[in-house]
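What follows is the residue order along each chain.
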Amino acid sequence: MQSPAAFPSLPCADGRWQPVRLAPDLFQADVHVAAHEPACIVVDQGRMVWVGPEDALPAGHAHLPRHDGQGQLATPGLVDCHTHLVYGGQRADEFALRLAGASYEEIARAGGGILSTVHATRAASEDELLAQALPRLRQLLAEGVCAVEIKSGYGLALAHERKQLRVARRLGQLCGVTVQSTFLGAHALPPEFAGRSQAYIDLVCDHMLPTLAAERLVDAVEVFCERIAFSPAETAQVFGAARRLGLRVKLHAEQRSNMEGAALAARHGALSCDHIEHLSARGIAAMRSAGTVAVLLPGAFYTLRDTQRPPIDALRAAGIPLAVATDHNPGSSPCLSLLLMANMACTLFGLTVPEALSGITRHAARALGLQDSHGLIASGRPANFVLWPVQQAAELAYWLGQRPACRIVRQGRIAA
Ligand code: NIG
Ligand code: FE
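Residues numbered from 1 in each chain as written. Chains lettered and ligands numbered in written order. Predicted model: local features only at pLDDT ≥ 70, side-chain atom pairs only at ≥ 80, totals over all residues. Heavy atoms only, no water.

Re empty space enclosed by the protein
In this approach a probe as big as a water molecule rolls over the atoms, and the regions it shows empty are the leftover space.
Link 1 in the chain: Under the criterion given, the structure shown has one cavity of 30 Å³ or more.
Link 2 in the chain: Roughly 100 Å³ of volume is contained in the largest cavity.
Link 3 in the chain: Among the residues making up the lining of the largest cavity, the classes are represented as four nonpolar, eight polar and two charged. (1 Å grid on protein atoms, 1.4 Å probe; cavity = no way out; pocket = protein on both sides within 12 Å on 5 of 7 lines; lining within 4 Å. Points joined across faces, edges and corners; volume = space filled by probe spheres on them. Nonpolar A, V, L, I, M, F, W, Y, C, P; charged D, E, K, R; others polar.)

Examining the sheet that holds strand 3 (residues 47–53)
Link 1 in the chain: Taken in spatial order, the seven strands of this open sheet run 3-2-1-4-13-14-15, and their pairing is mixed. Of all the strands in the sheet, the pair left with one neighbour each is strand 3 and strand 15 (413–414). (Pairing = 2+ DSSP bridges. Helix = DSSP H or I, 4+ residues; strand = E, 2+ residues; numbered from the N terminus.)

Re the pattern of salt bridges
Link 1 in the chain: Overall, the coordinates contain 15 salt bridges when judged by the stated rule.
Link 2 in the chain: Salt-bridge contacts for Glu215 lead to Arg162; the nearest nitrogen and oxygen are separated by 2.8 Å. One end of the pair, Glu215, is in the loop between helix 6 (197–214) and strand 8 (220–224); the other, Arg162, is in helix 5 (residues 158–175), with 53 residues separating them in the sequence.
Link 3 in the chain: A salt bridge links Arg256 to Asp306, with the nearest nitrogen and oxygen atoms 3.8 Å apart. In this pair, Arg256 is assigned in the loop between strand 9 (248–253) and helix 8 (261–267) and Asp306 in the loop between helix 10 (298–303) and helix 11 (312–317), connecting sequence segments 50 residues apart.
Link 4 in the chain: Several salt bridges converge on common partners, so that one network encompasses Glu126, Asp127, Arg166 and Arg170. (Salt bridge = Lys/Arg side-chain N within 4 Å of Asp/Glu carboxyl O.)

Points about the environment of Leu315
Link 1 in the chain: Among the secondary structure elements, Leu315 is positioned in helix 11.
Link 2 in the chain: Those residues in contact with Leu315 that lie beyond four places of it in its chain are Ile276, Leu279, Ile284, Ala294, Ile320 and Leu322. (Contact = heavy atoms within 4.5 Å.)

A few points about the state of the cysteines
Link 1 in the chain: Considering all chains together, one arrives at zero disulfides under this definition.
Link 2 in the chain: Sulfur of Cys12: no disulfide; nearest cysteine sulfur belongs to Cys40 and is 15 Å away.
Link 3 in the chain: On the accessibility criterion, Cys12 (41% relative accessible area) is partly exposed.
Link 4 in the chain: Here Cys175 stays unpaired: no disulfide links it, and the sulfur of Cys146, its closest cysteine neighbor, is 12 Å away.
Link 5 in the chain: Overall, the relative accessible area of 11% leaves Cys175 in the buried class. (Disulfide = S-S within 2.5 Å. Buried < 20%, exposed > 50% of the residue type's maximum accessible area, 1.4 Å probe, protein only.)

Some remarks on the packing of helix 5 against helix 6
Link 1 in the chain: Close contact between helix 5 and helix 6 brings their axes to 10 Å; oriented N to C, the two are set at 30°. As helix 5 runs across helix 6, the sense of the crossing is right-handed. Here Leu158, Glu161, Arg162 and Leu165 of helix 5 lie close against helix 6, whose contacting residues are His207, Met208, Thr211 and Leu212.
Link 2 in the chain: Its residues assigned to classes, the contact of helix 5 with helix 6 shows four nonpolar, two polar and two charged. (Axes fitted to C-alpha atoms, helices over the stretch in contact; angles between N-to-C directions. Left-handed = near helix turned anticlockwise from the far one by under 90°.)

As for the environment of Gly52
Link 1 in the chain: With respect to the helices and strands, Gly52 occurs in strand 3.
Link 2 in the chain: Between the C-alpha atoms of Gly52 and Asp30, which are 22 residues apart in sequence, the distance is 9.6 Å.
Link 3 in the chain: Apart from the residues within four sequence positions on either side, Gly52 is in contact with Val31, Val33, Ala39 and Cys40.

Side note on the site of ligand 1
Link 1 in the chain: The local shell around ligand 1 holds 15 residues, among which Arg91, Tyr104, Tyr154, Asp327 and Ser332 are the closest.
Link 2 in the chain: Between ligand 1 and Tyr154 there is a distance of 2.6 Å, counted from an oxygen atom to a side-chain nitrogen or oxygen.
Link 3 in the chain: His275 places a side-chain nitrogen or oxygen 2.9 Å from an oxygen atom of ligand 1.
Link 4 in the chain: Coverage of ligand 1 by the protein amounts to 100% of the 330 Å² it exposes when considered alone.
Link 5 in the chain: Structurally, ligand 1 is housed in the largest cavity.
Link 6 in the chain: For the shell around ligand 1, the per-class residue count stands at four nonpolar, nine polar and two charged. (Near = heavy atom within 4 Å. Polar contact = N/O pair within 3.5 Å; in protein donor to acceptor, adjacent residues only side chain to side chain. Areas by Shrake-Rupley, 256 points an atom, 1.4 Å probe, with all protein chains shown as cover. Sits in = over half its atoms within 2 Å of the grid points.)

Quick word on unusual backbone geometry
Link 1 in the chain: In this structure, Pro19 follows Gln18 across a cis peptide bond, with omega equal to -10°.
Link 2 in the chain: Following the sequence through the fold, Pro19 ends up in strand 1 (residues 15–22).
Link 3 in the chain: Even without being a glycine, Arg403 presents a positive backbone phi close to 50°.
Link 4 in the chain: Within the element layout of this structure, Arg403 appears in the loop between helix 15 (395–398) and strand 14 (407–410).

Re the packing of aromatic side chains
Link 1 in the chain: Scanning all chains against the criterion turns up six aromatic pairs.
Link 2 in the chain: With centroids separated by 5.6 Å and ring planes inclined at 85°, the aromatic side chains of Trp17 and Phe385 adopt a geometry described as edge-to-face. Of this pair, Trp17 sits in strand 1 while Phe385 sits in strand 13 (residues 385–388); the two residues are 368 residues apart in sequence, bridging distant segments of the chain. As far as the burial class goes, Trp17 and Phe385 line up, both buried.
Link 3 in the chain: An aromatic cluster is present here, built from Phe193, Tyr200 and Phe230 joined pairwise through their rings.
Link 4 in the chain: Positioned above the aromatic ring of Tyr87 is the side chain of Arg136, whose terminal nitrogen or guanidinium carbon lies 3.6 Å from the ring centre. (Phe/Tyr/Trp six-rings, centres within 6.5 Å; stacked < 30°, edge-to-face > 60°. Lys NZ or Arg CZ within 6 Å of the ring centre and 35° of its normal.)

A few points about the nonpolar core
Link 1 in the chain: Counting 104 residues, the largest nonpolar core has Leu171, Phe183 and Trp388 as the members making the most contacts within it.
Link 2 in the chain: With eight residues, the top contributor of residues to this core is helix 12 (residues 338–349).
Link 3 in the chain: In this view, Trp388 contacts Gln72, Leu73, Thr75, Leu78, Glu143, Leu339, Leu396, Pro404 and Cys406; residues no more than four positions away in its chain are not counted.
Link 4 in the chain: In this structure, Ile41, Val51, Ile377 and Leu387 belong to the second largest nonpolar core, which totals 18 residues. (Core = buried A, V, L, I, M, F, W, Y, C linked by side-chain atoms within 4.5 Å.)

Right under this line is the structure:
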């Protein structure tokens, strides 16, 4: 197996990072620094301890070593709040089938789609899955990602779901990045349960989830609520089981049709509802009341050549935080660039650049329940930030596939 970078030996980031420019709206609100004004971020023992204008640096920090920020643009470390990064195989053949006119649902009903990746994932060992996922994660990280969510859902049996979740944990340790793991056992009905959906959901709730939670492999629980997956009643049963274990929930909601899943998820205090192309007014009202984040996944919209856009204006009007993620998976979104997703959120969904940048930082952190530690440059937080060689923040969503040569401070270490 490929040997991973020795994360703990990376250089320590403690010191004064100056001069930098702070990207608007992505640093703590009580600090007043204009976009062009030279600023400083002080890191001590792996945490940001002071942020502000360079000329207001408190004398107490002046003795710390200086890192030349070169006047670059500083953003929080990016957060990819929705990925299916750990899986076996790939599905390029389905790309060709869709180009020839087959729909995602037709491919799924014919036994391809998610189930094809389930077969490949079950056939792979834990180490093989790790070896396949590691380069994918490294691509995300190279673009400034400092926290990433990884779902299971391609095992659909205890041993195989465990394998995926263990790989997610190992990836976080190997790469020194915050990984939030989501148990998505209710992603599709496994072939051995064909025609016995309720029996599978009972297994998920009564055995798989409690076992994996006891093994501390689960940070949140998710369901794919859709005509080709699980019903609202089955979704509610999984959410009930999750909440009895004290776990937060989220939902792949209203992606291909309106199942009123978002309202259901919001009633269970969901962290986020994701996809939401077919989200209803009722769903929006419920999400607003519950403080649920809307996660936009333009990579899946683009790949599936969807035409139904999420109701952005109504979400905005309701004041619902909009996050943006890659949804990296081998079927509907084989994409490993969060900046490209920010671009697509603007061009395909009509987000403004500031909305897209908040979507891949502060709102994405909130979608994972990490709003107190990630997604914002602020004193008291772990040092996760990125310095970009760009003149203005809009360039982060403007260049297509350019991958700017950023410098990354991740978990208090200089990662690139
Ligand atoms: O986010 N919506 C369901 N799950 C994934 C697709 C998974 C797959 O096709 O393998 C998604 O689009
Ligand atoms: Fe997804």
